[in-house]
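Secondary and tertiary structure notes
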Amino acid sequence: MADIDIRTAGRAGRITLTRPKALNALSYDMCMAIDAALRNWREDDAVDLIIFDAEGDKAFCAGGDIAELYETGTKGDFAYGQTFWRDEYRLNALIFEYPKPVVSFLQGFTMGGGVGIGCHGSHRVVGESSQIALPECGIGLVPDVGSSLMLALAPGRVGEYLGIAGHRMGPADAIFAGFADHYIPTAQWADLIDMLEASGDASLLAAHAQDAPDGKLAALQDQINMLFDGEGLQDILNTLTASDTDFATCALKMVNRGSPLSMACCIEMLHRLRGPNLTIRKALEHEFRFTYRAGEHGDFLEGIRAQIIDKDRTPRWKHQDRTVPIVEVSRMLQPLGSNTLTFEED
């Protein structure tokens, strides 16, 4: 496949995204190719670990390839998107639960679907150019591909902030929030990959890790906890509006770009997920409740139109006054019955 290079090298299963001009955006066919390879290598004693990387300097993977989702959705065909998300989420769970080490090298942008393949492995490497973000609320979705798990586990209310404001995490922020493990300068990556292929030993990464340049989130932790502690979207908006700090003003500007319905559902999802029984499957199943309905009942198609198709950056959200009735949040997140996301049983 022209968009992805899947092969074995030494002791490693190698997956390289090869469409840098498209910021290595993830298509359905790419997802399915990765899924098949991982299932084959899981039982292959000659493969000790998996390595994900990507061509180009700008992005590991800037998200899913949503053109087909938009084209089919605007014609009233929501089944394509539902199938895409169902199979993509199953892949995300497969990576998270994989019995062998999964190493990912995350240069440049890692967003949306890129988080789903790059941030669920056991060894997630960032470098000086790394920027990880979850901008889904800005296109009428919720943070998905299993990212709600990491948001729910992030310190304090950092998950709410990242989820509805779409803050771009540099390497230190990504490690602080739980989206990455090791900071290693990108100049060392090629040699490290050679060593991983030869040895099959992912533990050598820790020996090469360095302290990342200072981030922002740790210093903002107290303000984030105070400003994003509301029970719902309206509470958070009220708190941000009433605060006169520079951070609150900037955060409110970022939040105001998102779909109110998406943001309200994101907050509700995180509140539901937090607790002792949180698993990747529970997170993905809740995400799928929303994305299954997003094309027909949410702001997804309008968000794509405004940001990607017409690029007027003026989406006409369903709740322009930013007041989202709780019943609508409940409707988007209610169980799907026979359409519930299921996973393979090992």
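See above for the structure.
As a starting point, this report considers the structure included with it.

Calculation rules
- Residues numbered from 1 in each chain as written.
- Predicted model: local features only at pLDDT ≥ 70, side-chain atom pairs only at ≥ 80, totals over all residues.
- Heavy atoms only, no water.
- Salt bridge = Lys/Arg side-chain N within 4 Å of Asp/Glu carboxyl O.
- Helix = DSSP H or I, 4+ residues; strand = E, 2+ residues; numbered from the N terminus.
- Buried < 20%, exposed > 50% of the residue type's maximum accessible area, 1.4 Å probe, protein only.
- Pairing = 2+ DSSP bridges.
- Right-handed = clockwise from strand over helix to strand, strands pointing away.
- Axes fitted to C-alpha atoms, helices over the stretch in contact; angles between N-to-C directions.
- Contact = heavy atoms within 4.5 Å.
- Polar contact = N/O pair within 3.5 Å; in protein donor to acceptor, adjacent residues only side chain to side chain.

A short note on the pattern of salt bridges
Tallying each qualifying case throughout the model produces 20 salt bridges. Residues Arg19 and Asp3 are paired through a salt bridge, measuring 4.0 Å at the closest nitrogen-oxygen approach. You can see Arg19 sitting in the loop between β2 (12-17) and α1 (28-42) and its partner Asp3 sitting in the segment before β1 (4-9), a full 16 residues away along the chain. Taking relative accessible area as the criterion, Arg19 reaches 18% and is therefore assigned buried. Residue classification places Asp3 among the partly exposed positions, given a relative accessible area of 24%. In this structure, the salt-bridge partner of Arg305 is Glu302, at a minimum N-O distance of 2.8 Å. Placement of the pair is Arg305 and Glu302 together in helix α15 (residues 300-309), with a separation of three residues, close to one helical turn.

Some words on the pairing of strand β3 (residues 49-54)
Burial analysis of β3 places six of its six residues in the buried class, which makes it a mostly covered element. Burial along β3 is two-sided: Leu49, Ile51 and Asp53 and Ile50, Phe52 and Ala54, pointing in opposite directions, are all buried. As judged from the six bridges shared by β2 and β3, these two strands associate in the parallel manner. Of the residues in β3, the one forming a bridge with Leu17 is Ala54. Following the backbone out of β2, through α1 and into the adjacent parallel β3, one traces a crossover that is right-handed. When β3 meets strand β5 (residues 102-106), the two strands line up parallel, connected through three bridges. Following the sheet pairing, Phe52 is matched in β5 by Ser104.

Overview of the sheet that holds strand β4 (residues 59-61)
Strand order across the open sheet formed by three strands is β4-β6-β8, with parallel pairing between neighbours. Two strands lie at the open edges of the sheet, namely β4 and β8 (131-133), each paired on one side alone. For this sheet, the mean angle separating the axes of adjacent strands, direction not counted, is 20 degrees.

Observations concerning the sheet that holds β3
What the six strands build is an open sheet, ordered β1-β2-β3-β5-β7-β9; its pairing is mixed. Pairing within the sheet leaves two strands with one partner each, and these edge strands are β1 and β9 (182-183).

Brief notes about the packing of helix α2 (residues 67-74) against helix α3 (residues 79-96)
Relative orientation of the contacting elements α2 and α3 amounts to 145 degrees, with a least axis distance of 8 Å. Contact residues: Glu68, Leu69 and Thr72 in α2; Tyr80, Gly81, Phe84 and Trp85 in α3.

Remarks on the environment of His120
Here His120 is to be found in the loop between α4 (113-118) and β7 (123-126). His120 has contacts with Asn92, Ile95, Phe96, Val115, Val145, Gly146, Ser147, Met150 and Ile280, leaving out every residue within four places of it along the chain. A polar side-chain atom of His120 sits 2.7 Å from the main-chain carbonyl oxygen of Val145.

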